[in-house]
Amino acid sequence: MIEDLPQVFKYHVFTCFQQRPPGHPRGSCMTSGGKPLWDRLQAKLNVQPNPDISVTATGCLGFCRAGPLMVVYPEGVWYTPRTEADIDEIFQSHFTEGKPVERLIIVPQL
């Protein structure tokens, strides 16, 4: 049964690294400022290693105009961090205290 499968990570974070040219009609997370945010997240993990958290760089997550985007599983929480302080807040509140940061959550629309 699927519920019997072991959970490898408590949190698996997918961060969009899609890079499209400036002015592209879909935009992209990297042209929306994603790289410094993902660098900040990785730096936090380097300073405070946590084997319960895995970060994976992805291609397009499909909601380009909302970017930069990250999605956290197993909950399926979608975030739109805009600043390094937002990353710090997600790290502390969601990953350390188990409380998602509601003000940064989005519900992607197709």
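See the structure shown above.
Since we're looking at a predicted model, the values are computed, not measured. (Residues numbered from 1 in each chain as written. Predicted model: local features only at pLDDT ≥ 70, side-chain atom pairs only at ≥ 80, totals over all residues. Heavy atoms only, no water.)

1. Examining the environment of L37
Now for step 1: Here L37 is to be found in helix α1 (residues 34-47).
Now for step 2: The spatial distance from the C-alpha of L37 to the C-alpha of D88 is 9.6 Å, given a sequence separation of 51 residues.
Now for step 3: Filtering out sequence-adjacent residues up to four positions away, L37 remains in contact with P68, P81, R82, T83, E84 and I87. (Helix = DSSP H or I, 4+ residues; strand = E, 2+ residues; numbered from the N terminus. Contact = heavy atoms within 4.5 Å.)

2. Some details on the pairing of strand β3 (residues 70-73)
Two faces, one strand: in a regular strand the side chains alternate between the faces of the sheet.
Now for step 1: Bridging between strand β1 (residues 11-16) and β3 involves 4 bridges; their strand directions are antiparallel. Its bridge partner lying in β3, H12 is registered against Y73.
Now for step 2: The sheet contact formed by β3 and strand β4 (residues 77-79) spans 3 bridges and is antiparallel. What sits directly across from M70, in β4, is Y79. (Pairing = 2+ DSSP bridges.)

3. Brief notes about the packing of aromatic side chains
Here the distance between the centres and the angle between the planes together describe a pair of aromatic rings.
Now for step 1: Scanning the model with the defined rule gives 4 aromatic pairs in all.
Now for step 2: Centre to centre, the rings of Y11 and F95 are 5.3 Å apart; their planes meet at 45°, and the pair counts as tilted. In this pair, Y11 is assigned in strand β1 and F95 in helix α2 (residues 84-96), connecting sequence segments 84 residues apart.
Now for step 3: The exposure class assigned to F95 is buried, which follows from its relative accessible area of 5%.
Now for step 4: Following the ring pairs from residue to residue traces out a cluster consisting of Y11, F91 and F95. (Phe/Tyr/Trp six-rings, centres within 6.5 Å; stacked < 30°, edge-to-face > 60°. Buried < 20%, exposed > 50% of the residue type's maximum accessible area, 1.4 Å probe, protein only.)

4. Side note on unusual backbone geometry
Now for step 1: Omega for the peptide link from G67 to P68 comes to 5°, which places this bond in the cis form.
Now for step 2: Of note, the amide linkage connecting Y73 to P74 takes the cis form, showing an omega dihedral of 20°.

Read these as layout, nothing more, since geometry by itself doesn't imply function.
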